[in-house]
Amino acid sequence: MPPPNLYTFPTPSSLATSLRAYILSAQNASIERHAIFRVAVSGGSLPSTLADALLAPPAEGNPHDRVSFEKWEIFYADERAVPLDHEDSNHRLVKENLLDKIPAEMGAPKVFPIDVSLLDDLEELADAYEKTLVASFAARDSVRIPIFDLILLGCGPDGHTCSLFPGSPLLRESEAWVLPISDSPKPPPRRITLSLPVVTHGLKIGFVATGAGKKNALHRIFDEEDAGLPAALVNRLAQERVTWFTDEAAVEEVVAT
Ligand code: 6PG
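- Per an unreviewed UniProt entry, the protein chain goes by the name 6-phosphogluconolactonase and belongs to Trichodelitschia bisporula.
- Under the UniProt heading Function (unreviewed entry), the entry covering the protein chain gives this text: "Hydrolysis of 6-phosphogluconolactone to 6-phosphogluconate."
- Database annotation for the protein chain, UniProt heading Catalytic activity (unreviewed entry): "6-phospho-D-glucono-1,5-lactone + H2O = 6-phospho-D-gluconate + H(+)".

Okay, here's the thing in structure tokens:
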């Protein structure tokens, strides 16, 4: 299997610059293709990195460096089953780090948070979010599976991504688009997550993983593919559609580069 694209940066700001170029290249191609840019984002440290990348001033004289938020639809790759203003909410993170800081002239994205009236019933919460995806994707594409223009993910120290954890039976799901999880090893335990087939059908899938806390996970993801860690499964199934943005500390133990 060819290794996925793995880029390593010495500083967070050089990572953010390159992540911006990657996102805007996906954005521009999507808008040209279907006049919309549908993105799924995870929580954790990603929203703050995303804000660094997207809120930076555009390069002067380069029309391709404009963030066209008015064409963006933002969905959550995973979300915790908590109110939207709760400290554990991924939507709150994205809102506070990015959405609330977008200047009016950059346009406003359409954002699709979970339906918090359904927090007590995880199955219903996941089904409702799947219907949200159907409403956006079925209008334009095949409904068998939603094909995001871009999926931006983090990766945990155990190799999880979205809320797909190592050894979870959810990794075997082949039909559902959105899954409930009640026993996430990373708190809080109650969440919903995109299924592995939805993640791996993304046109582009970008991982951001930085810091020494990720070095063992990245070593296992890249060098021990047979261990079947969720992030390694994304690499295996989506191959060259996957790009990794890392820093030097995170890849210190990776051999296969
Ligand atoms: C979540 C996530 C999760 C996260 C990783 C990495 O909501 O918990 O979406 O998959 O992206 O755990 O988190 P960090 O970037 O904070 O290490």
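### Concerning unusual backbone geometry
Link 1 in the chain: A cis amide bond, omega -5°, links Pro187 with the succeeding residue Pro188.
Link 2 in the chain: With respect to the secondary-structure elements, Pro188 resides in the loop between strand E7 (178-181) and strand E8 (191-194).
Link 3 in the chain: Positive phi is not limited to glycine here, since Ala35 has a value of about 60°.
Link 4 in the chain: With respect to the secondary-structure elements, Ala35 resides in the loop between helix H1 (12-34) and strand E2 (37-41).
Link 5 in the chain: Note on Ala35: 9 C-beta atoms within 10 Å, which makes it exposed.

### Focus on the sheet that holds strand E5 (residues 110-111)
Within a sheet, each strand pairs with its neighbour through backbone hydrogen bonds, oriented either parallel or antiparallel.
Link 1 in the chain: Spatially, E1-E10-E9-E6-E2-E3-E5 is the arrangement adopted by the 7 strands of the open sheet, whose pairing is parallel. What marks the edges here is a single partner per strand, and that holds for strand E1 (5-9) and E5.
Link 2 in the chain: Note that strand E9 (residues 205-209) and strand E10 (residues 242-247) share 5 bridges and pair parallel. Residue pairing in the sheet places Ala209 in a bridge with Thr246 of E10.
Link 3 in the chain: In the packing of H1 onto the sheet, contacts are made with E1, E2, strand E6 (150-153), E9 and E10, and the angle to E10 comes to roughly 160°.

### Notes on helix H6 (residues 215-223)
Link 1 in the chain: Buried within H6 we find Ala217, Leu218, Arg220, Ile221 and Phe222.
Link 2 in the chain: Taken together, the buried residues of H6 touch E9, helix H7 (230-238) and E10.

How each quantity is defined
Residues numbered from 1 in each chain as written. Predicted model: local features only at pLDDT ≥ 70, side-chain atom pairs only at ≥ 80, totals over all residues. UniProt positions renumbered as here; feature names shortened; annotations may be inferred. Helix = DSSP H or I, 4+ residues; strand = E, 2+ residues; numbered from the N terminus. Buried ≥ 20, exposed ≤ 12 C-beta atoms within 10 Å, placed from the backbone. Pairing = 2+ DSSP bridges. Contact = placed C-beta atoms within 7 Å. Axes fitted to C-alpha atoms, helices over the stretch in contact; angles between N-to-C directions.

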